[in-house]
Each structure stands twice: as structure tokens, then as C-alpha cells.
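Residue strings, one per chain:
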Amino acid sequence: MFMSRNRKVVKILHYERGFYVLYEKRPVMGKFKKPVFDEVSKCYRIQWSDMTYLTESIVVDKMYVSPKD
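Below: a short report on this structure. (Residues numbered from 1 in each chain as written. Predicted model: local features only at pLDDT ≥ 70, side-chain atom pairs only at ≥ 80, totals over all residues. Heavy atoms only, no water.)

Brief notes about the pairing of strand β2 (residues 10-16)
Residues in a regular strand point their side chains to alternate faces of the sheet.
Here is step 1 of the chain: Examined bridge by bridge, strand β1 (residues 2-3) and β2 share two bridges and lie antiparallel to one another. Bridge pairing in β2 places Phe2 opposite Lys11.
Here is step 2 of the chain: Counting the residues in the hairpin turn of β1 and β2 gives six residues, including Arg7, whose phi is positive at 60 degrees.
Here is step 3 of the chain: Sheet topology note: the β2/strand β3 (residues 19-25) ladder contains seven bridges and is antiparallel. Paired with Val10 across the two strands is Lys25, which belongs to β3.
Here is step 4 of the chain: The turn linking β2 back onto β3 is made up of two residues, and Arg17 within it adopts a positive phi angle of 50 degrees. (Pairing = 2+ DSSP bridges. Helix = DSSP H or I, 4+ residues; strand = E, 2+ residues; numbered from the N terminus.)

Right, here's the structure in full:
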């Protein structure tokens, strides 16, 4: 998950059924919640409920599937 410095754009990259998928989310108003840095694991943490909010209601306009070789 990648977030812009001003927290107005979030990009989420994950692997799903043999493909890498990149989502980009931009809120209409406001900003995304700032993640909390965890000193023990040396990484930023985000609550599962916030992650669910970021990934729900994603609409795919177009999809391209290449034929198998």
C-alpha cells in the first residue's frame, strides 16, 4: 500500500489469481487517515477496518485478459 504525502491518493498493489492488481483511490473530500508507525516492527500500521474502507466499492471499467499460450 502506498500513500501520497498529502494523503489524498492511496495505491494498493496485491497479487490475485496469477495477476498483480493496482488500485488507486482518491477521496472526493478530505484525506485518508494517517497510518501509525510501529517502532517494534519498524513499519506503518493501518487498522483492518480502514483497509476495508479503502478497498470496498472498487469498480472495474475495463478488463483485459490475454489468451493462454
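With respect to the sheet that holds β1
Here is step 1 of the chain: The antiparallel open sheet is built from three strands, whose spatial order is β1-β2-β3. At either end of the open sheet lies a strand with only one pairing partner, and these are β1 and β3.

Some words on the packing of aromatic side chains
Here is step 1 of the chain: The final tally for this structure, using the stated rule, is two aromatic pairs.
Here is step 2 of the chain: Arranged with centres 5.0 Å apart and planes meeting at 65 degrees, the rings of Tyr15 and Tyr20 form a pair that is edge-to-face. Tyr20 matches Tyr15 in its accessibility class, with the two residues each being exposed.
Here is step 3 of the chain: On the basis of an interplanar angle of 70 degrees and a centroid distance of 5.0 Å, the ring pair of Phe37 and Tyr44 is categorised as edge-to-face.
Here is step 4 of the chain: Assessed through its relative accessible area of 55%, Tyr44 is described here as exposed. (Phe/Tyr/Trp six-rings, centres within 6.5 Å; stacked < 30°, edge-to-face > 60°. Buried < 20%, exposed > 50% of the residue type's maximum accessible area, 1.4 Å probe, protein only.)

Notes on the pattern of salt bridges
Pairs may arise between side chains of opposite charge once their charged atoms sit close together.
Here is step 1 of the chain: Overall, the coordinates contain four salt bridges when judged by the stated rule.
Here is step 2 of the chain: Two residues, Arg26 and Glu24, come together in a salt bridge whose shortest N-O distance is 2.8 Å.
Here is step 3 of the chain: Given the relative accessible area of 57%, Arg26 is considered exposed.
Here is step 4 of the chain: Glu24 sits in the partly exposed class, given a relative accessible area of 40%.
Here is step 5 of the chain: Between Asp38 and Arg45 there is a salt bridge whose closest N-O contact spans 3.3 Å.
Here is step 6 of the chain: For Asp38, a relative accessible area of 23% corresponds to the partly exposed category.
Here is step 7 of the chain: Three or more residues joined by partner-sharing salt bridges are found here, namely Lys11, Glu24 and Arg26. (Salt bridge = Lys/Arg side-chain N within 4 Å of Asp/Glu carboxyl O.)

This is a description of form; function is not addressed.
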